[in-house]
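Commentary on secondary and tertiary structure
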Amino acid sequence: AIAHPGEMSAMQLLGNADVALFAAKTQGRNRAVMFDDVLRLEIDERSDTEMMLREALAHGGLRLYYQPEIDMTTGRILAVEALVRCEHPERGIIPAGKFIAVAEETGLVVDLGRWVLEEACRQMQVWRDRYPGLDLLMRVNMSPAQLSSPGITEHISRCLRQSNLLGSALCLEITEHVVMQDVERAIKILEEFRTLGVRLAMDDFGTGFSSMAQLKRIPIDTLKIDMSFVIGLAHEPADQAIVEAIVHLGEAFGLDLVAEGVENHEDMAELIRLGCQRAQGFLLARPMPPADLDPLLWRGGIDLARV
């Protein structure tokens, strides 16, 4: 960090240098970063986001939106994925992509994840009371920090009891990257979740390079095909080969398959041709607040003819 005489104090200069140091570490270490106005703006935005998130956690500013998972051959809703949003008094509804990284850096992601789990289970109970016989799976993402946090299994169990839900109504989604960081530890924790009857999914599959020997040991029920292989699938032979391999892999291991990021009819048709019928994506249904999802749950699905 550089300062000209009279522009700032020694403490301010050291503070700027510390910010540059933090940036160098987050970019992979073994590098030099110069503090400048761009970096100052990034830090100010990060600080504002952290403050916003703390306020939301403390004063009820978080909301859950739900994105349906659709059977692409019938239109039936098979599951919904809970996606957190932050409601800002001036900026409106802010998607998770704008604040999850800050939540992970500050450790707030554990409290955030626990709130999401509690609210998702509560909402599922509301829907089951409202629509008797509803056959729906609630999918909830779990961060690396939350996965390894003390008492996480007990917390999941408590959420299920308080919402009067069976474990089979809940599916926890863990990314492939998280599992591969420490396979043995991940297996131990996931086996604990299994004792509750909870279903498990590997999210973003295809991006973490799981070995087959490890994959067959991991107690999961579902592979979610990463959207990077789905967008443009109909015109990308390489992606077609990858998705086809994942489909065969899922069949061999007896796993359900869900494609993420379906945004056009061509990719949807190609997925069906390759053997994947379950999907999420803007073409089928966008994430929506509970009130907007109610009519779809009442009907049991979407009209594919209108997609």
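Just above sits the structure.
Nothing here was measured: the structure is a model prediction, and the numbers come from that model.

Calculation rules
- Residues numbered from 1 in each chain as written.
- Predicted model: local features only at pLDDT ≥ 70, side-chain atom pairs only at ≥ 80, totals over all residues.
- Heavy atoms only, no water.
- Helix = DSSP H or I, 4+ residues; strand = E, 2+ residues; numbered from the N terminus.
- Buried < 20%, exposed > 50% of the residue type's maximum accessible area, 1.4 Å probe, protein only.
- Contact = heavy atoms within 4.5 Å.
- Areas by Shrake-Rupley, 256 points an atom, 1.4 Å probe, with all protein chains shown as cover.
- Axes fitted to C-alpha atoms, helices over the stretch in contact; angles between N-to-C directions.
- Left-handed = near helix turned anticlockwise from the far one by under 90°.
- Nonpolar A, V, L, I, M, F, W, Y, C, P; charged D, E, K, R; others polar.
- Salt bridge = Lys/Arg side-chain N within 4 Å of Asp/Glu carboxyl O.
- Core = buried A, V, L, I, M, F, W, Y, C linked by side-chain atoms within 4.5 Å.
- Patch = residues over 30% accessible without salt bridge, like charges linked within 9 Å, V, L, I, M, F, W, Y side chains within 5 Å.
- Lys, Arg positive; Asp, Glu negative; His and termini not counted.
- Charge placed at Lys NZ, Arg CZ, Asp CG, Glu CD.
- Pairing = 2+ DSSP bridges.

Quick look at the overall build of the protein chain
Scanning the protein chain from N- to C-terminus turns up twelve helices and nine strands. In terms of overall dimensions, the protein chain has C-alpha extents of about 70 × 45 × 40 Å along its principal axes. A buried classification covers 48% of the 307 residues belonging to the protein chain. Considering only intrachain contacts with a sequence separation of at least 6, the fraction spanning at least 24 residues in the protein chain is 67%. Looking at the protein chain as shown, the accessible area adds up to about 15600 Å², and 52% of this sits on carbon and sulfur atoms.

A few points about the environment of alanine 285
The residue alanine 285 is located in the loop between β9 (278-279) and α12 (290-299) in this model. It is 6.3 Å that separates the C-alpha atoms of alanine 285 and proline 68, two residues lying 217 residues apart in sequence. Beyond its immediate sequence surroundings of up to four residues, alanine 285 is in contact with Gln67 and Pro68.

Looking at the packing of helix α4 (residues 108-130) against α12
Where α4 meets α12, the axes come as close as 12 Å, and the angle between the chain directions of the two elements is 35°. With respect to the hand of their crossing, α4 and α12 are arranged in right-handed fashion. Note on element contacts: α12 touches α4 through Pro290, Leu293, Asp294 and Leu297, opposite Gln123, Trp127 and Arg130. Of the residues assigned to the contact of α4 with α12, the class counts are four nonpolar, one polar and two charged.

Here we look at unusual backbone geometry
Even without glycine at this site, asparagine 164 takes up a positive phi of about 55°. Mapping asparagine 164 onto the fold places it in the loop between α6 (152-162) and β5 (170-175). The phi angle at aspartate 204 is positive, at roughly 55°, despite the residue not being glycine. Tracing the chain through its elements places aspartate 204 in strand β6 (residues 199-205).

Thoughts on the pattern of salt bridges
Under the criterion given, the structure shown has 20 salt bridges. We note a salt bridge from glutamate 105 to arginine 46, for which the minimum N-O separation is 2.7 Å. With glutamate 105 in helix α3 (residues 100-106) and arginine 46 in helix α2 (residues 37-59), the pair connects residues that are 59 residues apart, well separated along the chain. Across the pair lysine 224 and glutamate 173 runs a salt bridge, and its minimum N-O distance is 2.9 Å. Of this pair, lysine 224 sits in strand β7 (residues 222-225) while glutamate 173 is found in strand β5, placing the two residues 51 residues apart along the sequence. Among the residues examined, glutamate 173 registers a relative accessible area of 1% and is labelled buried. What emerges from the salt-bridge pattern is a single network uniting Glu69, Glu81, Arg139, Glu173, Arg199, Lys224, Asp256, Glu260 and Arg278.

Quick notes on the nonpolar core
If you look at the biggest cluster of nonpolar residues, it comprises 83 residues, and the most contacted ones within it are Trp127, Met138, Ile156, Leu172 and Phe193. Residue contributions to this core peak at ten residues, all from α4. What phenylalanine 193 contacts, discounting residues up to four positions off in sequence, is Met142, Leu147, Ile152, Thr153, Ile156, Leu172, Val198 and Leu200. Among the nonpolar cores identified, the runner-up in size contains five residues, and Val19, Ala20, Ala23 and Phe35 belong to it.

Observations concerning the packing of α2 against α4
For the pair α2 and α4, the least separation of the axes is 11 Å and the interaxial angle reads 40°. Here α2 and α4 pass one another in a crossing that is left-handed. Contacts between α2 and α4 involve Glu50, Leu53, Arg54 and Leu57 from the first element and Leu108, Asp111 and Leu112 from the second. Of the residues belonging to the contact of α2 with α4, the class tally is four nonpolar, no polar and three charged.

A few points about a negative patch on the surface
A grouping of Asp36, Glu42, Asp44, Glu45 and Asp48 is seen on the molecular surface, where their side chains present a negatively charged patch. Taking relative accessible area as the criterion, aspartate 44 reaches 40% and is therefore assigned partly exposed.

Here we look at the pairing of β5
Within β5, five of the six residues are buried, leaving the element largely enclosed by the surrounding structure. Where strand β4 (residues 137-141) and β5 come together, four bridges link them in parallel fashion. Paired with arginine 139 across the two strands is cysteine 171, which belongs to β5. Where β5 lies against β6, five bridges are found, and the strand directions are parallel. Residue glutamate 173 lies in a different strand from β6, and its bridge partner there is alanine 201.

Limitation: the analysis is restricted to geometry and does not speak to function.
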